[in-house]
Amino acid sequence: MESKEHTLSILVENTPGVLSQVSRLFSRKGYNIESIASGTTEDPKVTRITIVMNGDDATIAQLAAQLRKLLCVISVKVLSTEDAVQRELVLVKVKADTKDKRDEVLQIVSVFRASVVDISRETLTVSILGDENKACALMDLLADFGVLEVVRTGIIAIERGIRTIYEDTKESGEFNYGKNVL
Amino acid sequence: MINGAQALMESLKREGVERVFGYAGATICPAVDALAATDIAYTLVRTEQNAGHMASGYARMMGKPGVCMVTSGPGATNLITGIATAYMDSIPMVAITGQVQSYLLGRDIFQEVDITGACAPFIKHSYLVKDANDIPRVVKEAFHIASTGRQGPVLIDIPIDIQQQMIDPVYPDSVDIRGYKPSVKGNDNQIKRVAASISAAQKPLLCVGGGLFSAKAQEELITLCESARIPVVTTMMGLGLLPRNHPLNLGMIGAFGTPTANRALNTTDLLIIAGARAADRAVTSPKEIASRTKTVHLDVDPAEIGKNFSTTVPVVGDVKVILDQLISHHPKAQSEAWIADLQARRQAETQPAAAPGAGSVTPSYLMRTLGEQLDDDACVCVDVGQNQIWAAKHLPMKHGRFLTTGGLGTMGYSLPASLGVKTAVPDRQTVVVCGDGSFQMFENELATLKAMGTDVKIVMVHNGVLGLVHQIQYSSYSGPFGVDLTGSPDFEKLAEAYGIPGKRISDDGQVDSAIHDMLTASGPYLLICDVDPMTTTSMT
């Protein structure tokens, strides 16, 4: 089967060791995490983890089922790029030690609707919000000036429209396998 | 006020715990001290791994979690194999480990180890208790988690200062875990689809595993296969679900299975897998089978669906309940021609082979003779290696239990498991089948056997080598290496040193009377059977 990028949204109890429990499952089953982001939700007892990984559909379904087995996991949802909005924040420190270079960087930054969050005589630090493609394109251009360091938050994603992850409890996830929930 | 250890014991009693298998050490002393003041029975093992295996044997016979309790550090790490074995075989177990003082955690002090971290990949759930007030809730949850859904081991790690913390415990009556709501009833529409598939099938086949023992679904299996006319094959963990001579029982599938069972698996038009994960040893080419035939998978664990086998109709729930739901639809397959053909094949392959000449014991003959002489409801605890394959292939099960580790395949499982069995069902005849390799992995537990004063018969297949590896090295590698058990003791004398009578035989002519003598002897007994190391598992 065809391997492609998938985004998994995982709702977990906000208790110690949860992130390691979730990430360990990936390493145990031999999958690489492309990106991982984690933070609390509107309920401080609940954390939402977003993981991007490559795999075929059967692999992702099996992984979601294994994730649902963890007691700390409240719900798991596989989000498609069509149905979900994805964002990532990237900070790029660029070498720009002359006025000309700084002006040129500022021009690129404005075209990308990125922003400058720190400036010094030698460097500019640029912050860009967007999907992966946008960040990549910007970094590509900034590479000419010399990129000193890059840090990314990892991709987060949320479904478009009225649907939320809360509709996707473990029970409904298992319904596809014939679980009696009605 | 009582201390955490006393609250732990009260919580165990409230869960119906009658026995704990353990090995004391510094950090578990408060709990051992509290246990001594209760009427909970305690069995001292000789190495912590076997506390896990004993709890496993106990749990499999009682149908409820077995409990083991060991100290921190090396005690806990020694228990890991016992926990992993229970996990792979889906056996309910609650393992309690002592831990160093909570305020010293992470400083690598004497006998400190991160046991919840170490066990994480092969445990259903684990707790590190940091407040004694949590102990009643944690114990309640641990027993609930271990014994519901897909059963498995749960670990409770308790620092010594928490065991000593004074509290006014509050014991909860119920459990509410947001992320844990296992399915029980199967989806009605899916059940209807399965029932209709059965009625339309001409060559239906039930493939059943250890999950049916966990669900206590033996009666439902018999009712369904008889009323719906579906022949049955089993995995190794499912051996004994049906008596060997049941007309619909085709035996075990897989690399070591019966030709008829494997033929049925390869020609069925509706394969119903129930309570089995059908891993590599049972089904070598799941993709090929799934591409050719309609498959139904009944399992309590949704993550099993599609893991090893792509499934046409999955049903998640308690297999006992699902089978009952299925029976209520009265499905009936058009399978008489298929059954008649399979029964004829089964009949032909089960003709007993003649006992060959003198000089060594023939394993198949040994197992057949043993099986015939055993009580109808005997428990046979089988180790790992050639002895496991020979017993699985040739020992005729009646209405007893065949207890082995089909998942992890841990050598040294059989005797400790049998001691657990004996504490659960003291009056049932219990026999261990092992090799001289596996015997030397558990021989320290002969002391536990003696101390318990219980009656377990041990049948050792003795060939002086690690037989299954020896066999594989002959067939697939450059030849035997590192499998010669030279240096092994005189096992008769070793047993005698423990006060256990033994006998050594080296001829098929002695088998019948030697087994009779063993089974009629009072107390434990070791029967050593000399087998030619060149005898393989494929010989009959």
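Residues numbered from 1 in each chain as written. Chains lettered and ligands numbered in written order. Predicted model: local features only at pLDDT ≥ 70, side-chain atom pairs only at ≥ 80, totals over all residues. Heavy atoms only, no water.

### Structural notes on the domain arrangement of chain A
All names here are of chain A. Each assigned domain of chain A is listed here: domain 1 (4–83 + 160–175) and domain 2 (86–156). Domain 1 and domain 2 are separated by 30 Å when their C-alpha centres are compared. Taken over both partners, the interface formed by domain 1 and domain 2 buries close to 480 Å², and the fraction arising from carbon and sulfur atoms is 48%. When the area that domain 1 buries against domain 2 is broken down by residue, the three leading residues are Ser35, Ala37 and Thr50, summing to 50%. Inspection of the domain 1/domain 2 interface yields 0 salt bridges. Taken together, the elements giving at least two residues each to the side of domain 1 that touches domain 2 come down to strand S1 (4–13), strand S2 (33–40) and strand S3 (46–55). (Domains from an automatic or database assignment. Buried area = accessible area lost by both parts, 1.4 Å probe. Salt bridge = Lys/Arg side-chain N within 4 Å of Asp/Glu carboxyl O. Helix = DSSP H or I, 4+ residues; strand = E, 2+ residues; numbered from the N terminus.)

### Focus on the interface of chain A and chain B
The interface is formed by 22 residues belonging to chain A together with 28 residues belonging to chain B. Regarding the contact of chain A and chain B, the summed buried area is about 1,900 Å², with carbon and sulfur atoms giving 53% of it. On the surface where chain A and chain B come into contact, there are 1 salt bridge. Measuring nitrogen to oxygen at the nearest pair gives 2.6 Å for the salt bridge that ties Lys69 of chain A to Asp301 of chain B. Where chain A touches chain B, the interface holds 2 residue pairs in polar contact (both at pLDDT 80 or more). For the side of chain A that touches chain B, the secondary-structure elements that each account for two or more residues are helix H1 (18–28), helix H2 (57–69), strand S4 (73–79) and helix H5 (170–175) of chain A. (Contact = heavy atoms within 4.5 Å. Polar contact = N/O pair within 3.5 Å; in protein donor to acceptor, adjacent residues only side chain to side chain.)

### Quick look at the pairing of strand S20 (residues 525–530) of chain B
Residues and elements named next belong to chain B. Burial within S20 is extensive, with 6 of its 6 residues counted as buried. Residues Tyr525, Leu527 and Cys529 of S20 are buried on one face, and the alternating residues Leu526, Ile528 and Asp530, pointing to the opposite face, are buried as well. Looking at chain direction, strand S19 (residues 502–505) and S20 are connected through 4 bridges and run parallel. Bridged to Ile505 within S20 is Cys529. With helix H22 (residues 508–520) bridging S19 and the parallel S20, this β-α-β connection has right-handed handedness. (Buried < 20%, exposed > 50% of the residue type's maximum accessible area, 1.4 Å probe, protein only. Pairing = 2+ DSSP bridges. Right-handed = clockwise from strand over helix to strand, strands pointing away.)

### As for the side chain of Thr123 of chain A
Residues and elements named next belong to chain A. Note that Thr123 resides in strand S7 (residues 123–130). Side chain to side chain, Thr123 and Ser120 meet in a polar contact 2.7 Å long. With residues up to four places along the chain from it excluded, the contact list for Thr123 reads Lys93, Val94, Ala96, Asp118 and Leu148.

### Description of the nonpolar core
Residues and elements named next belong to chain B. Ile198, Leu206, Leu212, Leu221, Leu298, Leu323 and Leu326 are the most contacted members of the largest nonpolar core, which totals 53 residues. Leave out the neighbours within four places in its chain, and Leu323 touches Leu212, Ala217, Glu220, Leu221, Leu224 and Leu298. By size, the runner-up hydrophobic cluster in this structure holds 45 residues, among which are Met54, Cys119, Leu403 and Leu419. (Core = buried A, V, L, I, M, F, W, Y, C linked by side-chain atoms within 4.5 Å.)

### With respect to the packing of helix H1 (residues 4–14) of chain B against helix H6 (residues 135–147) of chain B
Residues and elements named next belong to chain B. H6 packs onto H1 with a crossing angle of 35 degrees between their chain directions and a minimal axis gap of 9 Å. Viewed along their axes, H1 and H6 form a crossing whose handedness is right-handed. Judged by residue contacts, Gly4, Ala7, Leu8, Ser11 and Leu12 of H1 engage Ile135, Pro136, Val139 and Phe143 from H6. Across the contact of H1 with H6, the residue classes break down as 7 nonpolar, 2 polar and no charged. (Axes fitted to C-alpha atoms, helices over the stretch in contact; angles between N-to-C directions. Left-handed = near helix turned anticlockwise from the far one by under 90°. Nonpolar A, V, L, I, M, F, W, Y, C, P; charged D, E, K, R; others polar.)

### Structural notes on the packing of aromatic side chains
Residue and element names in this part refer to chain B. Applying the stated criterion across every chain, the model contains 3 aromatic pairs over all chains. Centre to centre, the rings of Phe439 and Phe491 are 5.3 Å apart; their planes meet at 80 degrees, and the pair counts as edge-to-face. Note that Phe439 is positioned in helix H18 (residues 436–442) and Phe491 in helix H21 (residues 491–497), a separation of 52 residues in sequence. A relative accessible area of 3% places Phe491 in the buried class. Among the aromatic residues, those joined into a ring-pair cluster are Phe439, Phe442 and Phe491. Directly above the ring of Tyr171 sits Arg14, whose terminal nitrogen or CZ lies 3.9 Å from the centroid. The ring of Phe213 carries Arg401 above its face, with NZ or CZ at 3.8 Å from the centroid. (Phe/Tyr/Trp six-rings, centres within 6.5 Å; stacked < 30°, edge-to-face > 60°. Lys NZ or Arg CZ within 6 Å of the ring centre and 35° of its normal.)

### Overview of the confidence of the model for chain A
Residue and element names in this part refer to chain A. Across chain A, the average pLDDT comes to 87, with 91% of residues at or above 70. Averaged pLDDT values over the elements of chain A bottom out at 57 in H5 and peak at 94 in strand S8 (residues 147–152). The low-confidence segment residues 178–182 (pLDDT under 50) makes 20 contacts with residues lying over four places distant or belonging to another chain. (pLDDT = per-residue confidence, 0-100.)

### Examining the sheet that holds strand S16 (residues 401–403) of chain B
Residues and elements named next belong to chain B. Taken in spatial order, the 6 strands line up as S16-S15-S17-S18-S20-S19 in an open sheet, and their pairing is parallel. Unpaired on one side and paired on the other, S16 and S19 mark the two borders of the sheet. Sheet twist, expressed as the mean angle between neighbouring strand axes with direction ignored, is 15 degrees. Across the face of the sheet, helix H3 (residues 48–62) comes into contact with strand S15 (379–382) and S16 while running at roughly 155 degrees to S16.

### Remarks on the pattern of salt bridges
All names here are of chain A. Taken as a whole, this structure holds 27 salt bridges over all chains when the rule is applied. Its salt-bridge partner being Glu88, residue Arg152 comes within 3.1 Å of it at the nearest N-O pair. Within this pair, whereas Arg152 is found in strand S8, its partner Glu88 is found in strand S5 (residues 84–95), the two being separated by 64 residues in sequence. Glu88 gets classed as buried once you look at its relative accessible area, which sits at 5%. Measuring nitrogen to oxygen at the nearest pair gives 3.2 Å for the salt bridge that ties Lys93 to Glu149. Taken together, the residues span a long stretch of sequence, with Lys93 in strand S5 and Glu149 in strand S8 at a distance of 56 residues. By relative accessible area, which is 29% here, Lys93 ends up partly exposed. Here Glu149 falls in the partly exposed class, since its relative accessible area comes to 47%.

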